[in-house]
Amino acid sequence: MHVHPAIAALRDACVSQRHHGTQGPASAAVNNASAVQTAHEAWFASPRVQAVIEALGRYGAGASLEACPALGRCLCDYGAARELVAPMIEGLVRALTRDPLSEAPFRFKVSHGLATIQLLAARGATLGLSAYEPIANTQTADTALFSDREVHEIVLSRVARGVVHTRIGAGRIATQKRVWRAGETLSVNASTQARQIHKVERSALLLQLTREPARPRPTRLVSLTSGETLRTASGDKSASQAVMALGVLGALGERGAISVMQETALNREEDPDVRWEAARQTLGLEPERGLKVLERLSEWSEDPLAEPARALRSQLLEAQPELRVLLREEAV
């Protein structure tokens, strides 16, 4: 049986997966970090990267990009952007050539035609790379996602064609076609703008800076023809997890969680999406308590859930008159 040398190396005592945290009188090869890790640490420790990390922390804490020059230069100056990224790419390419089964120590996502890696992160701000690949038979999207995320980008290589959508009022979307070439920059305002790349003829690489608030507003899927919001989702990851957990409890019929759901729905400090899901699940598990929750919510005029609670309560009582019996029993 023929075994490729790279696969056979995984059975060796000096395999790169065992390089980290090795104790005792092992060989120097085992004690040393892998070539990839060494390359990453050298890039990370460089004065240029350390200056960007410090500036990224201030930017994530709320400072303007202009007030963080070490970071701002990388998003507006083509030379500065390449000086930041090129040593990392070149170092990792050399390391992976020597150690092809190692992994680059970055968080990443890969989808059809797009790959992203997160280079640095601090206080809600992230700096990363996005690589777009040519895709055959692409179709123009008829919707766009508007998220509570501020974005600044600079094109590092090739040409990208796309559009920028701007919400300019209720039900109104302005769309501008754009062509971005190497060295050109673009910015996207949180919640009111969305950028879409439709076509690249060859691989296009972008350096991207993003910033999200501690409590982001909901992300909205908007129709580009009518401007109508088709769907919303919580912009807060922890809130999304809580919504999912409430849905699971409701699907399992976990009546022991009703009191917690009721308290969550009435907690004005909680995320509105989480509160609404808690109200829905309370209603599904125990209609009487659910109607009581809707009534309480509808009484709080300044609460963002007041109007939808009134509407849902009226709709339910009209569609299912038998629910009025529960209200009369409560009144007695």
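Structure report, in brief. Keep in mind that this is a model prediction, so the values were computed, not measured.

Below, the discussion takes up the sheet that holds strand 9 (residues 193–200). The three strands lie next to each other as 7-6-9, forming an open sheet whose pairing is antiparallel. Each edge of the open sheet is held by one strand with a lone partner, namely strand 7 (172–181) and strand 9. Averaged over all pairs of adjacent strands, the angle between their axes in this sheet comes to 25 degrees, without regard to strand direction.

Our next topic: the pattern of salt bridges. Summed over the entire model, instances satisfying the criterion amount to nine salt bridges. Glutamate 83 serves as the salt-bridge partner of arginine 48, at 3.4 Å between the closest nitrogen and oxygen. With arginine 48 in helix 4 (residues 47–60) and glutamate 83 in helix 6 (residues 78–98), the pair connects residues that are 35 residues apart, well separated along the chain. Judged by its relative accessible area of 41%, arginine 48 is partly exposed. Given a relative accessible area of 43%, glutamate 83 falls into the partly exposed group. Aspartate 303 is the salt-bridge partner of arginine 275, the closest N and O atoms lying 2.8 Å from each other. With a gap of 28 residues between them, arginine 275 in helix 9 (residues 272–285) and aspartate 303 in the loop between helix 10 (287–299) and helix 11 (306–319) connect regions that are remote in the sequence. Taken individually, arginine 275 and aspartate 303 each receive the classification buried, so the pair is uniform in this respect.

Relative orientation and spacing of two packed helices are given, respectively, by the angle between their axes and the distance between those axes. With their axes 5 Å apart at the nearest point, helix 5 (residues 69–76) and helix 6 run at an angle of 105 degrees to one another. With respect to helix 6, the axis of helix 5 lies roughly perpendicular. Contacts from Arg73, Cys74 and Cys76 of helix 5 reach helix 6 at Tyr78, Ala80, Ala81 and Leu84. Here the residues of the contact of helix 5 with helix 6 sort into six nonpolar, no polar and one charged.

Moving on, we come to the environment of leucine 249. Residue placement: leucine 249 occurs in helix 7 (residues 237–251). On the accessibility criterion, leucine 249 (29% relative accessible area) is partly exposed. Residues leucine 249 and leucine 285, 36 residues apart in the sequence, show an inter-C-alpha distance of 9.7 Å. For leucine 249, the contacting residues outside a window of four places in its chain are Glu254, Ala257 and Met261.

Counted under the stated rule, the structure contains one aromatic pair. Where tryptophan 43 meets phenylalanine 106, the ring centres are 6.3 Å apart and the plane angle is 80 degrees; that geometry is what we call edge-to-face. Of this pair, tryptophan 43 sits in helix 3 (residues 35–44) while phenylalanine 106 is found in the loop between helix 6 and strand 1 (107–111), placing the two residues 63 residues apart along the sequence. We classify tryptophan 43 as buried; its relative accessible area is 5%. Look at phenylalanine 106 and you get buried, because its relative accessible area is 9%. The aromatic ring of phenylalanine 146 is capped on one face by arginine 167, whose charged end is 5.6 Å from the ring centroid.

The rules behind these values
Residues numbered from 1 in each chain as written. Predicted model: local features only at pLDDT ≥ 70, side-chain atom pairs only at ≥ 80, totals over all residues. Heavy atoms only, no water. Pairing = 2+ DSSP bridges. Helix = DSSP H or I, 4+ residues; strand = E, 2+ residues; numbered from the N terminus. Axes fitted to C-alpha atoms, helices over the stretch in contact; angles between N-to-C directions. Salt bridge = Lys/Arg side-chain N within 4 Å of Asp/Glu carboxyl O. Buried < 20%, exposed > 50% of the residue type's maximum accessible area, 1.4 Å probe, protein only. Parallel < 35°, antiparallel > 145°, perpendicular 65-115°, else oblique. Contact = heavy atoms within 4.5 Å. Nonpolar A, V, L, I, M, F, W, Y, C, P; charged D, E, K, R; others polar. Phe/Tyr/Trp six-rings, centres within 6.5 Å; stacked < 30°, edge-to-face > 60°. Lys NZ or Arg CZ within 6 Å of the ring centre and 35° of its normal.

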